Amino acid sequence: MKYQGLIFDLDGVLCSTDRYHYQAWKQLADEEGLSFDWEMNTKLRGVSRRESFEIILSENGKKFSEDEIERCITIKNAYYQKLLEQITEDDMSSEVRETLVRLKEAGLKLAVGSSSKNAGLILKQLDGNKYFDEIVDGTQITHSKPDPEVFIKAGERLGVPATQCLVIEDAPSGVQAAKAAGMDSAGIGAAAEPGLATYQLGRFKDLITYVL
Ligand code: BG6
Ligand code: MG
């Protein structure tokens, strides 16, 4: 097998939280008099909370002080965490679960590599921790994607060299991070555009054909 370690992004790969991020940012943006739409939301995939808000401000041609930024991202996260209460085990599909089990049974090491500081909470609600040998999330890194830190750390924790790691991503920023880490990538959703990732996944279980 070419790959010994698989590193999965969480949001948009193992489950879908896009609509909750959208709703929380939208509520905050409305309160702050900022414009925000779905197109802007897609630009925030893979990017940290603070950098996401900086993108929103820049799209609006606005500058906020450090204190204001901190206040706004704290409010957004409170809205987001309230929405996350709705997440249940049903939000991780049986296709994802069955594929993870097959890959693990084949002897591959599996990790999560996410920019989210809420990854622990989300995985707990999904009952998803049990599939993974290592979890590296936004609480353990100083630079978020497209910086390679999260994937480099995950590869090290798995004890697998970068050239034998495959990253599974839905965000162009995540594919860039994988490349910068010296790792191949499999793109799903927006990251499955030709020319971005090493492999394009039409659906999650296609991963099996590329790695086993
Ligand atoms: C990533 C999401 O997984 O986590 C981004 O794709 C999000 O949209 C980022 O901004 C940070 O998330 P959180 O949960 O720490 O606010
Ligand atoms: Mg993602």
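Residues numbered from 1 in each chain as written. Chains lettered and ligands numbered in written order. Predicted model: local features only at pLDDT ≥ 70, side-chain atom pairs only at ≥ 80, totals over all residues. Heavy atoms only, no water.

Visitor: Please explain the site of ligand 1 as it appears in this structure.
Guide: Within the structure, ligand 1 sits among 15 residues, and Asp11, Val47, Arg49, Ser116 and Asn118 are positioned closest to it. Note that an oxygen atom of ligand 1 is positioned 3.0 Å from one of the backbone N or O atoms of Leu44. The backbone of Val47 places a nitrogen or oxygen atom 2.6 Å from an oxygen atom of ligand 1. Residue composition of the shell around ligand 1, grouped by class: 3 nonpolar, 8 polar and 4 charged. Split by domain, the residues of the shell around ligand 1 number at least three in each of domain 1 (5-15 + 89-211) and domain 2 (18-84). (Near = heavy atom within 4 Å. Polar contact = N/O pair within 3.5 Å; in protein donor to acceptor, adjacent residues only side chain to side chain. Nonpolar A, V, L, I, M, F, W, Y, C, P; charged D, E, K, R; others polar. Domains from an automatic or database assignment.)

Visitor: Help me understand the environment of Asp137 in this model?
Guide: If you trace the backbone, Asp137 turns up in the loop between strand S3 (134-136) and helix H7 (149-158). Overall, the relative accessible area of 7% leaves Asp137 in the buried class. With 25 residues separating them along the chain, Asp137 and Val112 place their C-alpha atoms 7.5 Å apart. With sequence-adjacent residues up to four places away left out, Asp137 is seen in contact with Ser114, Ser116, Ala119 and Gly120. One polar contact links Asp137 to Thr139, side chain to side chain, over a distance of 2.5 Å. (Helix = DSSP H or I, 4+ residues; strand = E, 2+ residues; numbered from the N terminus. Buried < 20%, exposed > 50% of the residue type's maximum accessible area, 1.4 Å probe, protein only. Contact = heavy atoms within 4.5 Å.)

Visitor: I keep staring at the side chain of Lys76 and nothing clicks. Help me out?
Guide: Examined against the element boundaries, Lys76 turns out to sit in helix H4 (residues 66-84). Of the buried charged residues, Lys76 lacks a salt bridge, with Asp11 as the closest side chain of opposite charge at 8.6 Å. In terms of polar contacts, Lys76 uses its side chain to reach the side chain of His21, at 2.9 Å. Filtering out sequence-adjacent residues up to four positions away, Lys76 remains in contact with His21, Ala24, Trp25 and Leu28. (Lys, Arg positive; Asp, Glu negative; His and termini not counted. Salt bridge = Lys/Arg side-chain N within 4 Å of Asp/Glu carboxyl O.)

Visitor: Looking at this model, I keep getting lost on the coordination of the magnesium ion (ligand 2). Mind explaining?
Guide: Put simply, the ideal angle at a metal is 109.5 degrees for four donors in tetrahedral geometry and 90 or 180 degrees for six donors in octahedral geometry. Coordination of the magnesium ion (ligand 2) by the protein involves Asp9 (OD), Asp11 (O) and Asp170 (OD), with metal-donor separations of 2.0 to 2.1 Å. Taken in chain order, the donor set of the magnesium ion (ligand 2) reads D-x1-D-x158-D. Here Asp9 is found in the loop between strand S1 (5-8) and helix H1 (18-32), whereas its partner Asp170 is found in the loop between strand S4 (165-169) and helix H8 (172-180), with 161 residues between them in sequence. Here the two residues Asp9 and Asp170 agree in accessibility, since each one is buried. (Donors = N, O, S within 2.8 Å, 3.2 Å for Na, K, Ca; no water.)

Visitor: How should I be thinking about the nonpolar core in this particular structure?
Guide: As a rule of thumb, soluble globular proteins bury nonpolar side chains together. One finds Leu6, Phe8 and Leu14 to be the most contacted residues of the largest nonpolar core, which totals 36 residues. It is helix H6 (residues 119-126) that provides the largest number of residues to this core, a total of 4 residues. Summarising the domain contributions, this core has at least three residues from each of domain 1 (5-15 + 89-211) and domain 2 (18-84). Among residues more than four places away in sequence, those in contact with Phe8 are Val13, Leu14, Leu100, Leu103, Leu110, Ala111, Val112, Gly113, Phe132, Ile168, Phe204 and Leu207. (Core = buried A, V, L, I, M, F, W, Y, C linked by side-chain atoms within 4.5 Å.)

Visitor: What's the story with the pairing of S1 in this structure? I'm lost.
Guide: A regular strand carries its side chains on alternate faces of the sheet. Neither face of S1 is exposed, since Gly5 and Ile7 on one face and Leu6 and Phe8 on the opposite face are all buried. One ladder, built from 4 bridges, connects S1 with S4; its direction is parallel. Residue pairing for S4: Phe8 is matched across the bridge by Ile168. (Pairing = 2+ DSSP bridges.)

Visitor: Looking at this structure, I do not really get the domain arrangement of the protein. What am I missing?
Guide: Quite often, the size of an interface is put as the accessible area lost when its parts meet. When cut into domains, the protein gives domain 1 (5-15 + 89-211) and domain 2 (18-84). The straight-line distance from the C-alpha centre of domain 1 to that of domain 2 is 24 Å. At the junction of the two partners, domain 1 supplies 14 residues and domain 2 supplies 12 residues. Both faces considered, domain 1 and domain 2 share a buried interface measuring about 950 Å² in area, 43% of it formed by carbon and sulfur atoms. Counting across the domain 1 and domain 2 interface gives 1 salt bridge. Across the salt bridge formed by Asp91 and Arg19, the nearest N and O atoms sit 3.7 Å from each other. (Buried area = accessible area lost by both parts, 1.4 Å probe.)

Visitor: I'm lost on the sheet that holds strand S5 (residues 184-188) in this one. Help?
Guide: The strands that make up a sheet are held in pairs by hydrogen bonds between backbone atoms, and each pair lies either parallel or antiparallel. Ordered in space as S3-S2-S1-S4-S5-S6, the 6 strands form an open sheet in which the pairing is parallel. A single partner strand is all that each edge strand has here, and the edge strands are S3 and strand S6 (199-201). Neighbour-to-neighbour, the strand axes of this sheet turn through a mean angle of 25 degrees, independent of strand direction. With 3 bridges joining them, strand S2 (residues 109-113) and S3 adopt parallel strand pairing. By the bridge assignment for S3, Gly113 is matched with Val136. (Axes fitted to C-alpha atoms, helices over the stretch in contact; angles between N-to-C directions.)

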